[in-house]
Structure formats: C-alpha cells, structure tokens
Amino acid sequence: MAQDTGHSGNGDRDRSPEEAALSERLGSLDQRLSEFRGRHIKTEQPAGDGGDGAARASAMALGFRLSSELVAGVAVGAGIGWGFDRLLSTSPFGFIVFMLLGFVAGVVNVVRSAGAGQNRRGGS
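As the structure is a computational prediction, the values presented were derived from the model and not from experiment. (Residues numbered from 1 in each chain as written. Predicted model: local features only at pLDDT ≥ 70, side-chain atom pairs only at ≥ 80, totals over all residues. Heavy atoms only, no water.)

*Asks:* Explanation requested: the UniProt feature "transmembrane region" (unreviewed entry) in the chain in the structure shown.
*Replies:* According to UniProt, the positions carrying the feature "transmembrane region" (unreviewed entry) are residues 66-84 and 90-111. Taken end to end, residues 66-84 comprises 100% helix and 0% strand; its first and last C-alpha atoms sit 27 Å apart. Taken end to end, residues 90-111 is 95% helix and 0% strand, and its first and last C-alpha atoms sit 32 Å apart. (UniProt positions renumbered as here; feature names shortened; annotations may be inferred. Helix = DSSP H or I, 4+ residues; strand = E, 2+ residues; numbered from the N terminus.)

Below, the structure written as structure tokens:
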C-alpha cells in the first residue's frame, strides 16, 4: 500500500505542472472569450436595433414604392384599354394593347425610380 501512495504522489507531482499550465491556459481562454463576447454584444446591439432596422424599413419602403408603380402602370393601361374597347366596340384588342403599354410604362418607371437608368443617361 505504501508503494501505491508513493506512486500516486509521484504521479500528482508529475501532473501538477501540466495541470497548472492547462488550468492557466483555460483561465486565459475564458477571460479572452468573455472580453470578446462583451465587445461583440456592445458593438452589435445599437447597430442591430437602429441601423439594421432603419435599413430594412428603407428597403421595404423602396420595394413597396417600386411594386406600386408597376401595378399602377398596368392598372392604368388596362383601364384605358377597357375604356377604348367600350367606346369603339373592339372587345379584347384595346384592353390587351393598352395593358401591355401600361406594363412597359410601369417597368420604365420602376427602372427610372430604382436609378438603373441614371448611369446610362449620365454617360451620354
């Protein structure tokens, strides 16, 4: 039994510096992780609540505006075509032609509002 106690004592002395070094490294890692988490949370919360929400709202407003311009162009074209069909008795042709013209006008308005056409006009 005395040999077992002596042997485990030697094992504890051999492992003690390793365990101390491991414990020190683990403590250092824990400290660095807590500092990183603190910085990560502090920097993202204000930007995530204010900046991201405002950007998302702005993008949604732009999307609704562009989609309403497209739908309005098609609806106005279809309304004008339906009116011409009622006045001139040319059943589906005026409706189809003016609805397509309204679609083209809506697409042109969306492209103009989105700013894709500005690069082309600025270069000319």
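*Asks:* What is the right way to look at the side chain of aspartate 85 in this model?
*Replies:* One can find aspartate 85 in helix α1 (residues 2-88). The charged side chain of aspartate 85 is buried without a salt bridge, its nearest counter-charge being arginine 86 at 9.2 Å. At 2.9 Å, the side chain of aspartate 85 forms a polar contact with the backbone nitrogen of phenylalanine 95. Those residues in contact with aspartate 85, other than ones at most four positions away along the chain, are Thr90, Ser91, Pro92, Phe93, Gly94 and Phe95. (Buried < 20%, exposed > 50% of the residue type's maximum accessible area, 1.4 Å probe, protein only. Lys, Arg positive; Asp, Glu negative; His and termini not counted. Salt bridge = Lys/Arg side-chain N within 4 Å of Asp/Glu carboxyl O. Polar contact = N/O pair within 3.5 Å; in protein donor to acceptor, adjacent residues only side chain to side chain. Contact = heavy atoms within 4.5 Å.)

*Asks:* Teacher, can you tell me more about helix α2 (residues 91-114) here?
*Replies:* Along an α-helix, residues three or four positions apart point the same way, because every turn accommodates 3.6 residues. Over its 24 residues, α2 extends 36 Å from the first C-alpha to the last, a length consistent with the 34 Å expected when each residue adds 1.5 Å. Those residues of α2 not exposed but buried are Gly94, Gly102, Gly106 and Val110. Just beyond α2, the residue with positive phi is glycine 115, at close to 90 degrees. (Expected span 1.5 Å × (residues − 1).)

*Asks:* Looking at this structure, how should I read the confidence of the model for the chain?
*Replies:* When the pLDDT values of the chain are averaged, the result is 79; 72% of them are 70 or greater. When pLDDT is averaged over each helix and strand of the chain, the minimum, 54, is found for helix α3 (residues 116-123) and the maximum, 92, for α2. Within the model, pLDDT remains below 50 along residues 1-8, and this stretch shows zero contacts once partners closer than five positions in the same chain are excluded. (pLDDT = per-residue confidence, 0-100.)

*Asks:* In this structure, what is going on with the pattern of salt bridges? I would like to understand it.
*Replies:* Working definition: two side chains of opposite charge can pair if their charged atoms are close together. If you walk through the whole model with that rule in mind, you get one salt bridge. Ionic pairing is found between aspartate 52 and arginine 56, a salt bridge with its closest N-O pair at 3.0 Å. In this pair, aspartate 52 and arginine 56 are both assigned in helix α1, four residues apart and thus about one turn of the helix distant.

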